[in-house]
Structures are given as C-alpha cells and as structure tokens.
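Coordinate inspection notes
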Amino acid sequence: MDLKEEKEYGHHVLMVSLATQSHINPLLRLGKRLVSKGLSVTVATPEIAQHQLLKSVTSCKINDCVSDDIPCLFFSDGFDLDYNRKSDLDHYMETIEKAGPGNLSKLIKNHYHDKHKKLSCIINSA
C-alpha cells in the first residue's frame, strides 16, 4: 500500500511531547516533513501546553497556531493548570511518569477507536 492509500485509510503517526518548546518544536519540524511525504500526523502534549499557547495567542485557534496540517491533542499530566511545574522538576517528572501514560492511553482510545483511524506509529520525544 502506498502512502496516498494509507492516508485515505486513516493511518496516523502520533507524536508525543512534553510541554516545552525544546520538545515540541523539533517534533513539529519532523511532523511537517512526514506530512509532506503524505502521512497524517497528530501531536499529543500535556494540557499545560494548550493553556500556555492560549495565553500567548489570542487571534487564532490552537491547532492553526501550531501548524495548519498537524492537529494537537492534549492530555493531563496529573496537575492542575495553576501548579508551577518549574518549582519542583523532580516531583513533576515523577508525577507525569505515573499519570501521563494512563491519560495518554485514554486519549489514544478516544481518538483512534474506529477502523477509519488507525494509529500506525507513536513517536515520543521525552
């Protein structure tokens, strides 16, 4: 099956990133390359990234501000949006290691549950 056929049948690459520019930006560059080759790509990142993007951008929808061709999905990292993740990085990393996989699994089940959306690959930048 060629890439065009795969795209028509709903094969997707899910790229998972922490909510920092040093993780998201390289994944977006890779994602744009994959899209240019005919693949469907989605980026999943903790909800705090959505919150940070909404604070910094007021004139467009979240997905349009990240990339026209790459939708974003958001999952809980186990903290409220008000929690200062930088105050105790060790605690943050321990918590996201525990809460992140379960919440990411729920996101995957919710978005790739039917036969028209087949998740072909997961790329993790963490």
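Everything below is about the structure printed above this text.
Residues numbered from 1 in each chain as written. Predicted model: local features only at pLDDT ≥ 70, side-chain atom pairs only at ≥ 80, totals over all residues. Heavy atoms only, no water.

With that settled, the discussion passes to the pattern of salt bridges. What the rule picks out here adds up to 1 salt bridge. The salt bridge involving Arg85 is made with Asp77; its shortest N-O contact spans 2.7 Å. Judged on exposure class, the residue Arg85 and its partner Asp77 are both buried. (Salt bridge = Lys/Arg side-chain N within 4 Å of Asp/Glu carboxyl O. Buried < 20%, exposed > 50% of the residue type's maximum accessible area, 1.4 Å probe, protein only.)

Along the chain, Ser17 falls in the loop between β1 (11–16) and α2 (21–36). Under the relative-accessibility criterion, Ser17 is labelled buried at 2%. Apart from the residues lying within four places of it in its own chain, the contact partners of Ser17 are His23, Ile24, Leu27, Ala44, Thr45, Pro46 and Ser125. (Helix = DSSP H or I, 4+ residues; strand = E, 2+ residues; numbered from the N terminus. Contact = heavy atoms within 4.5 Å.)

Another point: the pairing of strand β2 (residues 40–46). Counting buried residues in β2 gives 7 out of 7 residues, a clear majority hidden from the surface. In the sheet, β2 pairs with strand β3 (residues 72–75) via 4 bridges, with the strands oriented parallel. Pairing of Thr45 across the sheet is with Phe74, part of β3. (Pairing = 2+ DSSP bridges.)

Core analysis: the largest hydrophobic core is formed by 14 residues, its most contacted members being Val13, Met15, Leu28, Leu34, Val41, Val43 and Ile70. Among the elements of the structure, β1, α2, β2 and β3 are those that each provide at least two residues to this core. Here the element with the most residues in this core is α2; it accounts for 5 residues. When neighbours within four sequence positions are excluded, Met15 is seen to be in contact with Leu27, Leu30, Gly31, Val41, Thr42, Val43, Ala44 and Ile123. (Core = buried A, V, L, I, M, F, W, Y, C linked by side-chain atoms within 4.5 Å.)

The next point concerns a negative patch on the surface. A cluster of acidic residues, Asp88, Asp90, Glu94 and Glu97, forms a negative patch on the protein surface. Topologically, Asp88 is positioned in the loop between β3 and α5 (89–111). Given a relative accessible area of 36%, Asp88 falls into the partly exposed group. (Patch = residues over 30% accessible without salt bridge, like charges linked within 9 Å, V, L, I, M, F, W, Y side chains within 5 Å. Areas by Shrake-Rupley, 256 points an atom, 1.4 Å probe, with all protein chains shown as cover. Lys, Arg positive; Asp, Glu negative; His and termini not counted. Charge placed at Lys NZ, Arg CZ, Asp CG, Glu CD.)

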